[in-house]
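Structural characterization, general
For reference, the chains in residue letters:
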Amino acid sequence: MRFKSSKVNEFRLWGLAMTMGGMLLMIIGLAGIVFDWGQAGRIIAVIFMAIGMISVLVSMGIYFWAGMLSTSATVIDCPECGRRTKMLGKTDRCMFCKTILTIDPQYEPVGENEPKTLS
């Protein structure tokens, strides 16, 4: 089973992964200069530094997008943990206890003994 998180936290996770990946690529690129691989090392450094910089800039865009989504998110009280959490869309998960939340009765989770009916 894959652990799920709230949508805002998922966006932030991908932004962090892109930041760390970009920094790792830039560090790998520097190996071409540090270990003195000659002209080929400089070309490797330029390529990896450019790709790493693009990755960091994309992560900055993802963080900005998550921040803009977070400001317009619906704030509700989680019925399980009682903490205030942000919800994007019609369904989302609690940012703290990962409970599935919805404000639309159509998407409400069905109990274990109740048959699912489409209306």
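Residues numbered from 1 in each chain as written. Predicted model: local features only at pLDDT ≥ 70, side-chain atom pairs only at ≥ 80, totals over all residues. Heavy atoms only, no water.

**What to know about the pairing of strand β2 (residues 84–87)**
Selection rule: Burial status follows relative accessibility: with a 1.4 Å probe on protein chains alone, a residue under 20% of its type maximum counts as buried, one over 50% as exposed, and anything between as partly exposed. For the purposes of this entry, the term helix denotes a DSSP run of H or I that reaches at least four residues, the term strand denotes a run of E that reaches at least two, and both are numbered from the N terminus. When DSSP locates at least two bridges between a pair of strands, those strands are taken to pair.
Across the two faces of β2 the burial differs, with Thr-85 and Met-87 buried and Arg-84 and Lys-86 not buried at all. Direction of pairing for strand β1 (residues 74–77) relative to β2: antiparallel, over a ladder of 4 bridges. Looking across to β2, one finds that Ile-76 is bridged to Thr-85. Where β1 hands over to β2, the hairpin turn is made up of 6 residues, of which Gly-82 adopts a positive phi near 80°.

**Brief notes about a nonpolar patch on the surface**
For clarity, the cut-off: Patches here are clusters of residues that have more than 30% relative accessible area and form no salt bridge, with a 9 Å joining cutoff for like charges and a 5 Å cutoff for nonpolar side chains (Val, Leu, Ile, Met, Phe, Trp, Tyr). Using a 1.4 Å probe, accessible areas were evaluated by the Shrake-Rupley method; residue-level cover was limited to the displayed protein chains. For this document, the term salt bridge refers to a Lys or Arg side-chain nitrogen within 4 Å of an Asp or Glu carboxyl oxygen.
Taken together, Leu-30, Ile-33, Val-34, Phe-35, Trp-37, Ile-44 and Met-49 make up a surface patch of nonpolar side chains, about 680 Å² in accessible area. Secondary-structure elements contributing two or more residues to the nonpolar patch are α1 (7–34) and α2 (38–71). At 3 residues, the largest contribution of residues to the nonpolar patch is made by α1. For Ile-44, the location among the structural elements is in helix α2. What makes Ile-44 partly exposed here is its relative accessible area of 31%.

**Comments concerning the packing of aromatic side chains**
The condition is simple: Two aromatic rings, drawn from Phe, Tyr or Trp (for Trp, its six-membered ring), form a pair once their centres lie within 6.5 Å of each other, and the interplanar angle then sorts them: stacked below 30 degrees, edge-to-face above 60, tilted otherwise. A positively charged side chain is recorded as over a ring if its NZ (Lys) or CZ (Arg) lies within 6 Å of the ring centre. The angle to the ring normal must also be within 35 degrees.
Within the structure shown, the criterion is met by 2 aromatic pairs. With a centroid separation of 4.6 Å and an interplanar angle of 45°, the aromatic rings of Phe-11 and Trp-65 are classed as tilted. Of this pair, Phe-11 sits in helix α1 while Trp-65 sits in helix α2, and the two are 54 residues apart along the sequence. Over the aromatic face of Phe-96 sits the side chain of Arg-83, whose NZ or CZ is 3.8 Å from the ring centroid.

**Let's talk about the packing of α1 against α2**
Cut-off, in case you're wondering: Every axis corresponds to a line fitted to the C-alpha atoms, with the helix fit spanning only the stretch in contact, and the corresponding angles, defined between N-to-C directions, vary from 0 to 180 degrees. For classification purposes, an angle smaller than 35 degrees is called roughly parallel, one larger than 145 roughly antiparallel, one from 65 to 115 roughly perpendicular, and anything else oblique. The handedness criterion is simple: a crossing whose near helix is rotated anticlockwise from the far helix by less than a right angle is left-handed, and one whose near helix is rotated clockwise is right-handed. Three classes are used, and their members are as follows: Ala, Val, Leu, Ile, Met, Phe, Trp, Tyr, Cys and Pro are nonpolar, Asp, Glu, Lys and Arg are charged, and the others, Gly among them, are polar.
Where α1 meets α2, the axes come as close as 7 Å, and the angle between the chain directions of the two elements is 165°. When the axes of α1 and α2 are compared, the pair comes out roughly antiparallel. Seen along the crossing, α1 lies across α2 with a hand that is left-handed. Split by residue class, the contact of α1 with α2 holds 23 nonpolar, 11 polar and 1 charged.

**Points about the pattern of salt bridges**
If charged atoms from side chains of opposite charge come close, those side chains can pair. If you walk through the whole model with that rule in mind, you get 1 salt bridge. The partner of Arg-84 in a salt bridge is Asp-77, and the shortest N-O contact between them spans 3.0 Å. Given a relative accessible area of 52%, Arg-84 falls into the exposed group.

**Topic: the UniProt feature "transmembrane region" (unreviewed entry) in the protein**
Threshold: UniProt positions are given in the numbering used here, feature names are shortened, and annotations may be inferred rather than shown by experiment.
Under the local residue numbering, the UniProt record ascribes the feature "transmembrane region" (unreviewed entry) to residues 12–37 and 43–66. End-to-end, the C-alpha atoms of residues 12–37 are 37 Å apart, and along that stretch the chain is 88% helix and 0% strand. In this annotation, residues 43–66 is assigned 100% helix and 0% strand; the end-to-end C-alpha distance for the span is 35 Å.

**Concerning the nonpolar core**
Definition in use: Only buried residues count toward a nonpolar core, which is a set of Ala, Val, Leu, Ile, Met, Phe, Trp, Tyr and Cys residues joined through side-chain atoms within 4.5 Å. By the convention used here, residues are in contact when the closest approach between their heavy atoms is within 4.5 Å.
Core analysis: the biggest nonpolar cluster contains 5 residues, these being Ile-76, Cys-78, Met-87, Cys-94 and Leu-101. Setting aside residues up to four positions removed in sequence, Cys-78 forms contacts with Arg-83, Thr-85, Cys-94, Cys-97, Thr-99 and Leu-101.

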